[in-house]
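As a plain string of letters, each chain reads:
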Amino acid sequence: MTERREGALDDATVEARLKAELPAWRLEDGWIRRTYKTAGWKGTLMVINTVGHLAEAAWHHPDITASYAWVEVRLMNHAAKGITDKDFALAKKIEEVVSWQPALEDQGLEGTPTDPRFAYIKYDK
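Residues numbered from 1 in each chain as written. Predicted model: local features only at pLDDT ≥ 70, side-chain atom pairs only at ≥ 80, totals over all residues. Heavy atoms only, no water.

Colleague: Can you lay out helix H3 (residues 85-98) for me, pointing to particular residues and giving the numbers?
Modeller: An α-helix turns once every 3.6 residues. As a result, residues three or four positions apart point the same way. Between the first and last C-alpha of H3 there are 20 Å, a value that for 14 residues agrees with the 20 Å anticipated at 1.5 Å per step. The complete set of buried residues in H3 reads Asp87, Phe88, Leu90, Ala91, Ile94, Glu95 and Val98. Those residues of H3 that are buried are in contact with helix H1 (11-21), strand S2 (31-37), helix H2 (41-58) and strand S4 (70-75). (Helix = DSSP H or I, 4+ residues; strand = E, 2+ residues; numbered from the N terminus. Expected span 1.5 Å × (residues − 1). Buried < 20%, exposed > 50% of the residue type's maximum accessible area, 1.4 Å probe, protein only. Contact = heavy atoms within 4.5 Å.)

Colleague: Any details on the packing of H1 against H3? Residues and values, ideally.
Modeller: At a closest axis distance of 12 Å, the pairing of H1 and H3 adopts a crossing angle of 20 degrees. Classified by the angle their axes make, H1 and H3 are roughly parallel. Considering how the two elements wind past one another, H1 and H3 form a crossing that is right-handed. Contacts from Val14, Arg17, Leu18 and Glu21 in H1 reach Asp85, Phe88 and Lys92 in H3. (Axes fitted to C-alpha atoms, helices over the stretch in contact; angles between N-to-C directions. Parallel < 35°, antiparallel > 145°, perpendicular 65-115°, else oblique. Left-handed = near helix turned anticlockwise from the far one by under 90°.)

Colleague: Outline the pattern of salt bridges, listing residues and values.
Modeller: Two side chains that carry opposite charge are able to pair once their charged atoms sit near each other. Under the definition given, this model contains 14 salt bridges. Across the pair Lys92 and Glu21 runs a salt bridge, and its minimum N-O distance is 2.8 Å. With Lys92 in helix H3 and Glu21 in helix H1, this residue pair connects regions lying 71 residues apart in the sequence. Using a relative accessible area of 30% as the deciding quantity, one classes Glu21 as partly exposed. Across the pair Arg26 and Glu28 runs a salt bridge whose closest N-O atoms are separated by 3.1 Å. Judged by relative accessible area, Arg26 falls into the partly exposed class, the value being 30%. For Glu28, a relative accessible area of 32% gives the class partly exposed. (Salt bridge = Lys/Arg side-chain N within 4 Å of Asp/Glu carboxyl O.)

Colleague: Can you tell me about H1, naming the residues and giving the values?
Modeller: By the burial criterion, the buried members of H1 are Val14, Arg17 and Leu18. Buried residues in H1, looked at end-on, bunch into an arc of 105 degrees, giving them a common side. The outward face of H1, more than 90 degrees from its buried face, is lined by the exposed residues Ala12, Lys19 and Ala20. Buried positions along H1 lie against strand S1 (26-28), S2 and H3. The N-cap of H1, judged by a side-chain oxygen 3.1 Å from the amide nitrogen of Ala12 a few residues on, is Asp10. (Arc of directions from axis to C-beta. Polar contact = N/O pair within 3.5 Å; in protein donor to acceptor, adjacent residues only side chain to side chain.)

Colleague: Residue-level account of the environment of Thr50, with values.
Modeller: Relative to the assigned elements, Thr50 resides in helix H2. Of the residues examined, Thr50 reaches a relative accessible area of 25% and is grouped as partly exposed. Thr50 sits 42 residues away from Ala8 along the chain, and the two C-alpha atoms are 26 Å apart. Apart from the residues within four sequence positions on either side, Thr50 is in contact with Val97 and Val98.

Colleague: Break down the side chain of Arg74 for me, with residues and values.
Modeller: For Arg74, the location among the structural elements is in strand S4. One polar contact links Arg74 to Thr65, side chain to side chain, over a distance of 2.7 Å. Apart from residues no more than four positions distant in its own chain, Arg74 is found in contact with Trp31, Ile32, Arg33, Pro62, Asp63, Ile64 and Thr65.

Note that all results are geometric; they support no functional claim without further evidence.
Okay, structure coming up:
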């Protein structure tokens, strides 16, 4: 394994922060990761584009792997050769936006209809 540079967090710190701040994310092979399940190709592309927009805005770019009905997002700071606060900041923003369910808020937005024809992401229960 490559030696971590200044600013990289140790695994115990990363695990504790994931548990407290991003429970759907996991530490695996030096990356923090999250797999989003989608209803199909349309939803997969929407998740990828959302993550892409947030990454460009933050100027911090994850690795993304996708298939028909899922997207995996992986974050690690290459310069620090490990996980840093930047990774957590972007992961939190990705989680906030991709997992947003307007129907659960009392703000007048109805959210995606429950009819499977309109489904695009499979929200965590």
